[in-house]
Amino acid sequence: MMKFMDVHARIHSFMQQKTTTPLVGETLTFPDQQYMKAGVVPFIRQPSHILYLMMKPIAKSSMLPPPAFQICKGTRMFLHRGSGWRDMKAGDEEVESKEHLMVTAFREGIEEVGLMPEAIVSVQDVGPYKFLSERTGKNKYMWLYTVELASPDDMLPMSDIASTTAQREWLTVEQFEAEGRLDHRAIVRDIDGKLQKEFGY
């Protein structure tokens, strides 16, 4: 695994070279600076449909059923003067030095599914989405990006990603409807609609 600051530098270099296409809807839940979660949905275009890369995290307890496929997402970090970089939590919204949402999303993508920024063909900002906290069942919000890859092989090997990822797989929207996390299904449908329109399907 790459060191935290190396990952940051790699993503910032990528962001300076790549243009992001905005596909955000008209309504924003609240300003993007207040978001504490961000994620990325890698995709590959096929002649008649789009494939999406989803991941399964390792179950937190052997007593629980294994998690379903879900969107790769994680917690935004901020630079704290006393303890360095750490996860944002409720009440931290006024901290000035925060990760850019794209940095959070791509950092999680590198760590959890093996995303390689240099292999990305295009980037789309698809904006805010609501989901349910698995721990509390309460509504949470995350900011999402999609990234196009040319080939399903344009990823780091499983041995180079976080041990918290149990599985990753390319799925159609229909497959995700059957195997995906319940509160992520409508999100993936909406993203698929945006990308279908963007690429003229």
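None of these values were measured; they are calculated from a predicted model.

What counts, and where the lines are drawn
- Residues numbered from 1 in each chain as written.
- Predicted model: local features only at pLDDT ≥ 70, side-chain atom pairs only at ≥ 80, totals over all residues.
- Heavy atoms only, no water.
- Phe/Tyr/Trp six-rings, centres within 6.5 Å; stacked < 30°, edge-to-face > 60°.
- Helix = DSSP H or I, 4+ residues; strand = E, 2+ residues; numbered from the N terminus.
- Buried < 20%, exposed > 50% of the residue type's maximum accessible area, 1.4 Å probe, protein only.
- Lys NZ or Arg CZ within 6 Å of the ring centre and 35° of its normal.
- Polar contact = N/O pair within 3.5 Å; in protein donor to acceptor, adjacent residues only side chain to side chain.
- Contact = heavy atoms within 4.5 Å.
- Expected span 1.5 Å × (residues − 1).
- Salt bridge = Lys/Arg side-chain N within 4 Å of Asp/Glu carboxyl O.
- Core = buried A, V, L, I, M, F, W, Y, C linked by side-chain atoms within 4.5 Å.
- Pairing = 2+ DSSP bridges.

## Considerations on the packing of aromatic side chains
One pass over the full model with this rule turns up five aromatic pairs. Where F14 meets F106, the ring centres are 5.5 Å apart and the plane angle is 50°; that geometry is what we call tilted. With a gap of 92 residues between them, F14 in helix 1 (residues 4–17) and F106 in helix 2 (residues 101–113) connect regions that are remote in the sequence. We note that F14, like F106, is buried. Pairing F43 with Y52 gives two aromatic rings, centres 6.5 Å apart and planes at 45°, and the pair type is tilted. Judged by its relative accessible area of 0%, F43 falls in the buried class. Its guanidinium or amino end placed over the ring of F199, R45 lies 3.9 Å from that ring's centre, counting from NZ or CZ.

## Some points on the side chain of T146
Along the chain, the position of T146 falls in strand 8 (residues 139–149). At 2.7 Å, the side chain of T146 forms a polar contact with the side chain of Q124. Sequence-distant contacts of T146, defined by excluding residues within four places in its chain, comprise V41, F43, S122, V123, Q124, V126, I191 and L195.

## A word on helix 2
An ideal rise of 1.5 Å per residue puts 18 Å on 13 residues; helix 2 measures up with 18 Å between its terminal C-alpha atoms. Among the 13 residues that make up helix 2, 12 are buried, leaving the element largely enclosed by the rest of the structure. Buried residues of helix 2: L101, M102, V103, T104, A105, F106, R107, E108, G109, I110, E112 and V113, and no others. Positive backbone phi, approximately 85°, marks G114, located one or two places after helix 2.

## Brief notes about the pattern of salt bridges
Scanning all chains against the criterion turns up eight salt bridges. For E118, the salt bridge identified is with R10, shortest N-O distance 3.0 Å. Here R10 lies in helix 1 and E118 lies in the loop between helix 2 and strand 7 (120–132), a separation of 108 residues in the sequence. The exposure class assigned to E118 is exposed, which follows from its relative accessible area of 56%. The partner of R107 in a salt bridge is E99, and the shortest N-O contact between them spans 2.7 Å.

## Some remarks on the nonpolar core
The biggest cluster of nonpolar side chains holds 31 residues, and the ones touching the most others in it are F106, I120, V123, Y145 and L149. Looking at this core, the elements with two or more residues in it are helix 1, strand 2 (37–45), strand 3 (50–57), helix 2, strand 7 and strand 8. In terms of residue count, the dominant contributor to this core is helix 2 (seven residues). Within the second largest apolar cluster, 20 residues are counted, among which are V41, L171, I187 and I191.

## A word on the environment of S159
Looking at the secondary structure, you find S159 in the loop between strand 8 and strand 9 (165–171). Residue class for S159 comes out exposed when judged on its relative accessible area of 65%. Considering only alpha carbons, one finds S159 and G114, 45 residues apart in sequence, at a separation of 9.3 Å.

## Here's the deal with the environment of P128
The topology assignment puts P128 in strand 7. Judged by its relative accessible area of 15%, P128 falls in the buried class. Considering only alpha carbons, one finds P128 and L144, 16 residues apart in sequence, at a separation of 6.3 Å.

## A word on the pairing of strand 8
Where burial is concerned, most of strand 8 is hidden: eight out of the 11 residues are buried. Relative to strand 8, strand 2 runs parallel, the two being bridged by six bridges. The residue bridging A38 from the neighbouring strand is W143, located in strand 8. With 11 bridges joining them, strand 7 and strand 8 adopt antiparallel strand pairing. Counterpart to K130 in the pairing with strand 8 is Y141. Hairpin connection from strand 7 to strand 8: six residues lie between these consecutive antiparallel strands, with G137 at a positive phi of about 80°.

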